[in-house]
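# Fold and contact review
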Amino acid sequence: MDQPAFNAVLLGGTLLFRTRLRRLGLACIALVTAAAVLPQAAAADSGDRHGRHPSGGGLSAVIRYTEHGVAHIVAKNYASLGFGTGWAQAADQVCVLADGFLTVRGERSRHFGPDAAPDGSLSSAARNLSSDLYFRGVRDAGTVEKLLTTPAPAGPGQQVKELMRGWAAGYNAWLKQHRITDPACKDADWVGPVTTLDVARRGFAVSVLGGQGRAVDGITAAQPPGQAPVGAPDAAATAKAARDLFSAESADMGSNAVAFSGSTTANGRGLLLGNPHYPWQGGRRFWQSQQTIPGELNVSGASLLGTAVVNIGFNDKVAWSHTVATGVTLNLHQLTLDPADPTTYLVDGKPERMTKRTVSVPVRDGAPVTRTQWWTRYGPVVTSLGPTLPLPWSATTAYALNDPNASNLRGSDTALAFGKARSTKDMLRALRRTQGLPWVNTIAADSRGHTLFSQAQVLPRITDELAQHCSTPLGKVTYPAAGVAVLDGSRGDCALGSDPDAVQPGIFGPSRMPTLKDAPYAENSNDSAWLANPDRPLSGYERVFGSFGTPRSLRTRGAIEDVAAMAGKGGLTVFDLEKQQFANRAPAGDMAAADAAKACTAVLPGDTEACSVIGRWDRTMNTDSRGALLFDRFWRGLTARVPAAQLWQVPFSAADPVRTPHTLNTASPGFAQALTAAVAELRSARIALDSPLGEHQFVVRNGKRIPVHGGTESLGVWNKIEPLWSPATGYTEVAAGSSHIQAVGWDGGRCPVARTLLTYSQSSNPNSPHHSDQTELFSGERWVTSRFCERDILRSPALKVVWVRG
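Now for a look at the structure at hand. Residue numbers restart at each chain and count upward from 1, following the sequence in its written direction. For this predicted model, a pLDDT threshold of at least 70 governs which residues receive local features, and a threshold of 80 or more governs which side-chain atom pairs are given and counted, while totals over whole chains, interfaces and linings are taken from all residues. Processing note: side-chain calculations cover all non-hydrogen atoms of the structure and skip hydrogens and water entirely.

### Notes on the overall build of the protein
Secondary structure elements are taken from DSSP: a helix is a run of H or I of four residues or more, a strand is a run of E of two residues or more, and numbering for both begins at the N terminus. Tallying secondary structure elements over the protein gives 24 helices and 30 strands in all. A simple rule labels every residue: compare its accessible area, found with a 1.4 Å probe on the protein chains alone, to the largest value its type can have, and call it buried under 20%, exposed over 50%, or partly exposed in between. Per-residue burial over the protein gives 63% buried out of 806 residues. Contacts in the protein between residues at least 24 apart in sequence constitute 70% of all its contacts with a sequence separation of at least 6. Working definition of accessibility: Shrake-Rupley area with a 1.4 Å probe, residue cover restricted to the visible protein chains. In the form shown here, the protein has an accessible surface area of approximately 28,700 Å², with 52% of it arising from carbon and sulfur atoms. Positive charges come from Lys and Arg alone, negative charges from Asp and Glu alone, with His and the N- and C-terminal ends not counted. For this purpose, a charge sits on NZ of Lys, CZ of Arg, CG of Asp or CD of Glu. For the protein, the distance from the average position of its 79 positive side-chain charges to the average position of its 68 negative side-chain charges is 5 Å. In this description, contact between two residues means that some pair of their heavy atoms is separated by no more than 4.5 Å.

What follows is the structure in structure tokens.
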């Protein structure tokens, strides 16, 4: 929409706009909302100087809805764009959003009780109480307020602050004007207005997910030792636990993405396929929109809920996606304590007292709970990183966690700069300028045929040299195994230092980041940067970024096989990206099913059915694939029983990393155990061994069963799906997997050629028409044709226009 037309719409709807709609035979529904000044009781915090009472006064936007509830938001400035975005997100996801704001305010125990479990979207906390203790500690310390007042580039820029201010006002305006119909929070007393600071706190929680967010229980439970002696952690067990904690197999987030250069495509322009793997429920869902400020910004894609920017998306010149990176976003400092006081630690022989933070949490049907947290110059004292990685606080030793993303509120600045980019060069400049991505890689392509891979993320400045000289005995095991550095906190010369091109101290500067430019293809599936393109391997980076010369996951190996073959064939179009997304090839099946079928007869003598089913399986995870379910259950059991080093007869070779290891080791005792158990499991549930996958891998939406294709991490399927198993029926829900998928290219015209799909649909409200419509598309391997240009938006048969204002 051009600026004059847009201004006219804001003044009440012009003849020009109405005429364009009438010409197309479309109905324009104008809904005007007013965001009045909120009552004093709506304030979230006392002393909030960052938008305590965002009234929405003077803010307005036009929202055009097209098929499947995709919102196209047009505004005249950043605050109004945020207003429209907050309004539209609330319309689709108000209950999920409100639940998240309770989390970052530290109010879950007040409404849901201290022992209930959060949904895990904003931290690793096992109980509401530990979640509240952590986030109230953040609030009481004024952490986010300090970041908001930090001047750019170390702090967020003014445009992002305006977006957040507008988002809060838009969310509040929607709440004021609408009755909630979602049963998840209908009539709930915990849904209420929010502030700009709430929006920023939510962004902070996302930023520290890989650092402090992993250790919430360990931070809030850390207390000085009593009289009983406390043993040191077992080094080997801790190294294994760290390796497991940071592995893709144990993560609820992952992704695939590939960018193809013009040398591989039909028209010399770039192509991008993004396939992020995120939770299907809760506060880490994506939400689709297009954001437009005429003459300033025009970007389409997906936002994490509560975010005022497009996090993954495209414009008319460039497209990008993210994959969860292998960089370890935290490190530990092992403290030497004063023998007379376990809350005092020594640095170069001089004592430093820990900072005591007393945090009080209101609790439903009970007195407030008060706990103490302990902080050091390095960060909080922590007694665990998850339940399997204890870090005991003894009379002589404690551990402090350093998380540089606790000083990073710049992620939205990076996303906004991507939305304005005109080339992959612009994107690389944006990464270097903003340095805001906490835990992801970036893969991008542009209309000129260029590609980019960059592991530009905020990481503690742990060089291999520093780790060699400063690792404690525990760190000498955990750093090589998992990239988790444990440094000697008693030595001042073991400080992290600074790079001259870094925007904050203690992190790597952009010049140290693994980056690959203009490769024929650049691909990542959550392994390290090493094989973004095997013909141009990246190496020489510090261990904290990830490993190189080590085995890759089956998903990485299968993805490289697929995209290398595509690039080699050449002449690629967006249609080829669509086929790749839904090929549903299971690399584990290609490598192991034939051997498993042959060995099956010895394990199950006389059971010709099971062996025949595995042998006939088509090696895909399509909904109509027979044998896929049996192999899936067998493979899960096998990989759980047999260590990776013993799974294959031919070991890994760094000289042939895509094709090794291989040849299934059917002689392993775990093979027979896994196969026998899988067959028994299905028959016990009265599931035929050759049942089509979609009969038992499905989700139910409003009483309708929707088959789901795709497969688990260990099978190596590009279209990753992690479902929940019921012994009685099979898979009944999807926990995580393919989420906002986009296939993007250009044809020389003004509009990008794009297909998108939000697998779990736009709204979590079962009463919404967009609760399951895209889930059904996903089940049928169908796509949404993106409407980016104005003419395409106005031609939508589902067009609905909403004018929102304060």
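Right, picking up where we left off after that structure.
### Concerning the state of the cysteines
Note on terminology: pairs of cysteine sulfur atoms within 2.5 Å are recorded as disulfides. By the definition in use, this model includes four disulfides. Covalently, C95 is tied to C185 through a disulfide, its sulfur atoms 1.9 Å apart. Since a negative S-S torsion denotes a left-handed disulfide, the C95-C185 link at about -80° is left-handed. Of this pair, C95 sits in helix α3 (residues 78–105) while C185 sits in the loop between α7 (158–177) and α8 (196–207); the two residues are 90 residues apart in sequence, bridging distant segments of the chain. For the pair C95 and C185, one class covers both residues: buried. With a sulfur-sulfur separation of 2.0 Å, C751 is cross-linked through a disulfide to C789.

### Considering the side chain of T85
Inspection of the secondary structure assignment puts T85 in helix α3. With relative accessibility at 0%, the residue T85 sits in the buried group. N or O atoms within 3.5 Å of each other form a polar contact, as long as, within protein, one can give a hydrogen and the other can take it, and as long as residues adjacent in sequence are counted only when both atoms are side-chain atoms. Of the polar contacts made by the side chain of T85, one reaches the backbone oxygen of L81; its length is 2.8 Å. Leaving out residues up to four positions away in the same chain, T85 has contacts with I73, W167, W287, Q291, T307 and A308.

### Overview of a positive patch on the surface
On the surface, a cluster of positive charge is contributed by K317, K425, R432, R448 and K517. The topology assignment puts R448 in the loop between β16 (440–446) and β17 (451–454). Only residues whose relative accessible area exceeds 30% and that form no salt bridge are eligible for patches; like-charged ones are grouped when within 9 Å, while nonpolar side chains (Val, Leu, Ile, Met, Phe, Trp, Tyr) are grouped when within 5 Å. Basic side-chain nitrogens of Lys or Arg form a salt bridge, by our definition, when they fall within 4 Å of a carboxyl oxygen of Asp or Glu.

### Some words on the environment of G558
Structurally, G558 can be placed in helix α15 (residues 554–569). When the C-alpha atoms of G558 and A586 are compared, they prove to be 8.0 Å apart, with 28 residues separating the residues in sequence.

### Quick word on the pattern of salt bridges
With the rule as written, the count across this model stands at 38 salt bridges. For D493, the salt bridge goes to R491, with nearest N and O atoms at 3.1 Å. On the accessibility criterion, D493 (55% relative accessible area) is exposed. Relative accessible area serves as the criterion here: at 28%, R491 is assigned to the partly exposed category. Three or more residues are tied together by salt bridges with common partners; here these are R105, E145, D198 and R201.

### Considering helix α19 (residues 628–641)
The end-to-end C-alpha separation of α19 is 20 Å, in line with the 20 Å expected for 14 residues at 1.5 Å each. Of all 14 residues in α19, 10 are buried; the element is thus mostly enclosed. The complete set of buried residues in α19 reads A628, L629, L630, F631, D632, R633, F634, W635, G637 and L638. To estimate how far a helix should extend, the number of its residues minus one is multiplied by 1.5 Å.

### A closer look at the sheet that holds strand β12 (residues 355–363)
Two strands qualify as a pair provided that DSSP identifies no fewer than 2 bridges between them. Strand order in this open sheet of three strands is β12-β13-β14, and the pairing throughout is antiparallel. One side of each edge strand has no neighbouring strand; the edge strands of this open sheet are β12 and β14 (379–380). As paired strands, β12 and strand β13 (residues 366–376) are joined by eight bridges and run antiparallel to one another. Across the sheet, residue V359 finds its bridge partner in β13, namely R371. Axes, fitted as lines to C-alpha atoms, cover a helix only where it is in contact. Angles between the N-to-C directions of the axes lie from 0 to 180 degrees. Helix-sheet contacts for helix α5 (residues 128–140) involve β12 and β13, and the interaxial angle to β12 is about 125°.

### Let's talk about the side chain of N331
One can find N331 in strand β9 (residues 331–338). Separated by 3.1 Å, the side chains of N331 and H333 make a polar contact. At a separation of 2.7 Å, a polar atom in the side chain of N331 contacts the side chain of N402. Excluding residues that lie within four positions of it along the chain, N331 makes contacts with A400, L401, N402, P460, I462, A485, L487 and L496.

### Brief notes about the environment of P480
Mapped onto the elements, P480 comes out in helix α14 (residues 475–482). Taking the C-alpha atoms as reference points, P480 and A519, 39 residues apart in sequence, are found 29 Å from one another. Once residues within four sequence positions are removed from consideration, P480 is found in contact with G475 and R543.

### What to know about the layout of surface pockets
Any empty space left between atoms is shown by rolling a water-sized probe over those atoms. Its boundaries defined by the atoms lining it, the second largest pocket holds a volume of some 730 Å³. Every residue lining the second largest pocket is counted, 35 residues in all, and those nearest its centre are R377, Y378, N402, D403 and S407. Those elements that place two or more of their residues in the lining of the second largest pocket are α6 (143–148), β13, β14 and β15 (397–402). Residue contributions to the lining of the second largest pocket peak at three residues, all from α6. Basically, the charged four are Asp, Glu, Lys and Arg, the nonpolar ten are Ala, Val, Leu, Ile, Met, Phe, Trp, Tyr, Cys and Pro, and anything else, Gly included, counts as polar. Each residue belonging to the lining of the second largest pocket can be placed in one class, and the counts come to 16 nonpolar, 13 polar and six charged. Here a cavity is any set of points on a 1 Å grid over the protein atoms alone where a 1.4 Å probe fits but cannot get out, and a pocket is any open set with protein on both sides within 12 Å along at least 5 of 7 lines; a residue lines the site when it has an atom within 4 Å of a point. Grid points are joined across faces, edges and corners, and a volume is the space filled by probe spheres set on the points.

### Topic: empty space enclosed by the protein
Throughout the structure, instances matching the rule amount to seven cavities of 30 Å³ or more. Here the largest cavity defines a volume of roughly 500 Å³. If you go around the largest cavity, you meet 31 residues; those closest to its centre are V206, T307, N311, G411 and S412. Broken down by secondary-structure element, the contributors of at least two residues to the lining of the largest cavity are α7, α8 and α11 (411–420). With seven residues, α8 is the single largest residue contributor to the lining of the largest cavity. The class makeup of the residues in the lining of the largest cavity is 19 nonpolar, 10 polar and two charged. In terms of lining residues, the second largest cavity is bounded by 16 residues, among which V70, S300, T756, S786 and R787 are the most central.

### Remarks on the packing of α3 against α5
Where α3 meets α5, the axes come as close as 6 Å, and the angle between the chain directions of the two elements is 70°. Of the possible angle classes, the one that applies to α3 and α5 is roughly perpendicular. Every residue of α5 that contacts α3 at T103, V104 and R105 is listed here: S131, F135, R136 and R139. By residue class, the composition of the contact of α3 with α5 is two nonpolar, two polar and three charged. Working rule for angles: under 35 degrees goes down as roughly parallel, over 145 as roughly antiparallel, 65 to 115 as roughly perpendicular, anything else as oblique.

### Focus: the environment of L693
Assignment of secondary structure puts L693 in helix α22 (residues 693–696). Owing to a relative accessible area of 0%, L693 belongs among the buried residues under this scheme. A sequence separation of 328 residues divides L693 from D365, and the C-alpha atoms of the two residues are 47 Å apart. Apart from residues no more than four positions distant in its own chain, L693 is found in contact with M621, N622, T623, S625, A628, L629, V708 and G710.

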